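# Observations on the three-dimensional arrangement
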Amino acid sequence: MELGALYQEVILEHNRSPRNMRELADASGCAHGKNPLCGDEVTIWLQVEGDTVSDVTFMGNGCAISKASASMMTQAIKGKSRAEAEELFARFHALVTGTGSATDQELGKLRVFSGVAKFPTRVKCASLAWHAMKDALSQASHSKTDTRDATP
Ligand code: ZN
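Description of the structure in this document. Since this is a predicted model, take the numbers as computed values, not measurements.

### Comments concerning the environment of Met59
- As for its position among the elements, Met59 is in strand 3 (residues 52-61).
- Under the relative-accessibility criterion, Met59 is labelled partly exposed at 34%.
- Not counting chain neighbours up to four residues away, the residues in contact with Met59 comprise Met21, Arg22, Glu23, Glu41, Val42, Thr43 and Trp45.

### Observations concerning the nonpolar core
- Ranked by internal contacts, the top residues of the largest apolar core, which has 40 residues, are Ile44, Leu46, Ile77, Phe92, Phe113, Trp130 and Met133.
- At the level of elements, helix 1 (9-16), strand 2 (40-49), strand 3, helix 2 (64-77), helix 3 (82-97) and helix 4 (120-142) are the ones that each hand at least two residues to this core.
- It is helix 4 that contributes the most residues to this core, 11 residues altogether.
- Excluding anything up to four places from it in sequence, Phe92 contacts Ser69, Leu107, Leu110, Phe113, Ala126, Ser127 and Trp130.

### Considerations on the pairing of strand 1 (residues 29-35)
- Burial along strand 1 is one-sided: the face carrying Gly29, Ala31, Gly33 and Asn35 is buried and the face carrying Cys30, His32 and Lys34 is not.
- Across seven bridges, strand 1 lies against strand 2 in antiparallel orientation. Paired with Gly33 across the two strands is Val42, which belongs to strand 2.

### Comments concerning helix 2
- Across its 14 residues, helix 2 extends 20 Å between first and last C-alpha, which sits within 8% of the 20 Å expected from 1.5 Å per residue.
- Within helix 2, 12 of the 14 residues are buried, leaving the element largely enclosed by the surrounding structure.
- Remark: Gly79 follows helix 2 within two positions and exhibits a positive phi of approximately 90°.

Conventions used here
Residues numbered from 1 in each chain as written. Predicted model: local features only at pLDDT ≥ 70, side-chain atom pairs only at ≥ 80, totals over all residues. Heavy atoms only, no water. Helix = DSSP H or I, 4+ residues; strand = E, 2+ residues; numbered from the N terminus. Buried < 20%, exposed > 50% of the residue type's maximum accessible area, 1.4 Å probe, protein only. Contact = heavy atoms within 4.5 Å. Core = buried A, V, L, I, M, F, W, Y, C linked by side-chain atoms within 4.5 Å. Pairing = 2+ DSSP bridges. Expected span 1.5 Å × (residues − 1).

Written out as structure tokens, the structure is:
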């Protein structure tokens, strides 16, 4: 199988025009991820309101797969509840590591990354932004304290 088969049109398109690629001011959570194998770097910001991820953004440098994955992750996670975001992370992770199903309807367009499972060095490229998203999300939950009590 050729590596070129990985670069499906949807991945190339997101790499060309990434969605939600900006910093997010006053984010509830922010996390950075690095993939030294490929040189990919990504920073994820997310805003959590109540139980909903109201906004997700990213900035990063790297290969087409890492960038497209970050772009599509932000689209997939935005508007989801915390639990739904974690569930989607688990499904996506299973897909790219080859333990999930490439016909998992819940994943929608994210299924284009199923080919990554055949290339172990590319798994990190595809999952980098998702791991950072999970870190940012747990940060957001930890900071969910009632600030009224903290007011002097
Ligand atoms: Zn990469």
